[in-house]
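# Commentary on secondary and tertiary structure
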Amino acid sequence: MDKQPEATQTIIFDDMVLEKIAGKTASEVDGVLSLQGNLIDNLSDRLTESDRPQSGVDIELDDQQKTVAIELDAILEYGKRAEEIVTKVTSKITSAVTTMTGYRVTEVKLRVKDMLTKDEWQQRQQSSRSKKKKDD
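In short, a report on the structure. (Residues numbered from 1 in each chain as written. Predicted model: local features only at pLDDT ≥ 70, side-chain atom pairs only at ≥ 80, totals over all residues. Heavy atoms only, no water.)

A tally of regular secondary structure across the protein gives four helices and four strands. Counting helices and strands in the order they occur from the N terminus, the protein gives α-β-α-β-β-α-β-α. When the 136 residues of the protein are sorted by exposure, 32% land in the buried category. Of the contacts formed within the protein by residues at least 6 apart in sequence, a portion of 72% connects residues at least 24 apart. (Helix = DSSP H or I, 4+ residues; strand = E, 2+ residues; numbered from the N terminus. Buried < 20%, exposed > 50% of the residue type's maximum accessible area, 1.4 Å probe, protein only. Contact = heavy atoms within 4.5 Å.)

Right, dumping it as structure tokens:
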């Protein structure tokens, strides 16, 4: 019997998939209240009802090297140590991305946009929901 040559396999991940993995993973870390996108992300969030876990996440992807650098814009919980939060975020994102995609995370950069208490965050969320209902 002639042995068939094995077919080559290639898998390429869209940027949005890696952004989603990073965004969902970071959002699960204690001390991260929210990831905040840029002005365009924020406007599109207001216009759609969909959950956008990739909002506030930018990546630099190298498919050839299978590496990714990740930048996050976040609101952190006031009173928590930012250094500890970024360490946990980096560890969890690195693990999740590597496990799900096989890509290597070369950098995680966390830009802190604001620090709020949980009460301030909840008030902001309620105000945002009320405004959204009013606009509908």
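All right, on to the pairing of strand 4 (residues 104-116) then. For strand 3 (residues 67-77) and strand 4, the ladder comprises 11 bridges, and the chain directions are parallel. Paired with L76 across the two strands is M115, which belongs to strand 4. Following the backbone out of strand 3, through helix 3 (residues 82-101) and into the adjacent parallel strand 4, one traces a crossover that is right-handed. (Pairing = 2+ DSSP bridges. Right-handed = clockwise from strand over helix to strand, strands pointing away.)

Among the nonpolar cores identified, the biggest contains 24 residues, and I70, L72, V89, I93 and V97 are the most heavily contacted of them. If sequence neighbours within four positions are ignored, I93 has contacts with A22, T25, A26, I70, L72 and V105. (Core = buried A, V, L, I, M, F, W, Y, C linked by side-chain atoms within 4.5 Å.)

Here E77 lies in strand 3. Given the relative accessible area of 11%, E77 is considered buried. Discounting residues that sit within four places of it in the chain, E77 has contacts with D30, G31, L33, M115, L116 and K118.

For the rest of this paragraph, the subject is helix 3. The terminal C-alpha atoms of helix 3 lie 28 Å apart, and with 20 residues this matches the ideal 28 Å at 1.5 Å per residue to within 8%. Taken together, the buried positions of helix 3 are occupied by I85, V89, I93, A96, V97 and T101. Angular distribution of buried residues about the axis of helix 3 spans 95°; they occupy a single face of the element. Exposed and facing more than 90 degrees away from the buried side of helix 3 are E83, T87 and T99. As for helix 3, its buried residues are in contact with helix 1 (15-27), strand 1 (32-35), strand 3 and strand 4. Within two residues after helix 3, G102 carries a phi angle of roughly 85°, on the positive side. (Expected span 1.5 Å × (residues − 1). Arc of directions from axis to C-beta.)

Here we take up the packing of helix 1 against helix 3. Helix 3 packs onto helix 1 with a crossing angle of 140° between their chain directions and a minimal axis gap of 9 Å. In this view, helix 1 runs oblique relative to helix 3, as classed from their interaxial angle. Seen along the crossing, helix 1 lies across helix 3 with a hand that is right-handed. Contacts between helix 1 and helix 3 involve L18, I21, A22, T25 and A26 from the first element and V89, K92, I93, A96, V97, M100 and T101 from the second. When grouped by side-chain class, the residues that make up the contact of helix 1 with helix 3 number nine nonpolar, two polar and one charged. (Axes fitted to C-alpha atoms, helices over the stretch in contact; angles between N-to-C directions. Parallel < 35°, antiparallel > 145°, perpendicular 65-115°, else oblique. Left-handed = near helix turned anticlockwise from the far one by under 90°. Nonpolar A, V, L, I, M, F, W, Y, C, P; charged D, E, K, R; others polar.)

With that out of the way, let us pick up the pairing of strand 3. In regular strands, side chains alternate between the two faces of the sheet. Judged by how many residues are buried, strand 3 sits mostly within the fold: 10 of 11 residues are covered. Two elements, strand 2 (residues 57-62) and strand 3, share six bridges in a ladder whose sense is antiparallel. Directly across from I59, in strand 3, lies its bridge partner I70. Hairpin connection between strand 2 and strand 3: a loop of four residues separates the two successive antiparallel strands, and K66 in this loop has a positive phi of roughly 55°.

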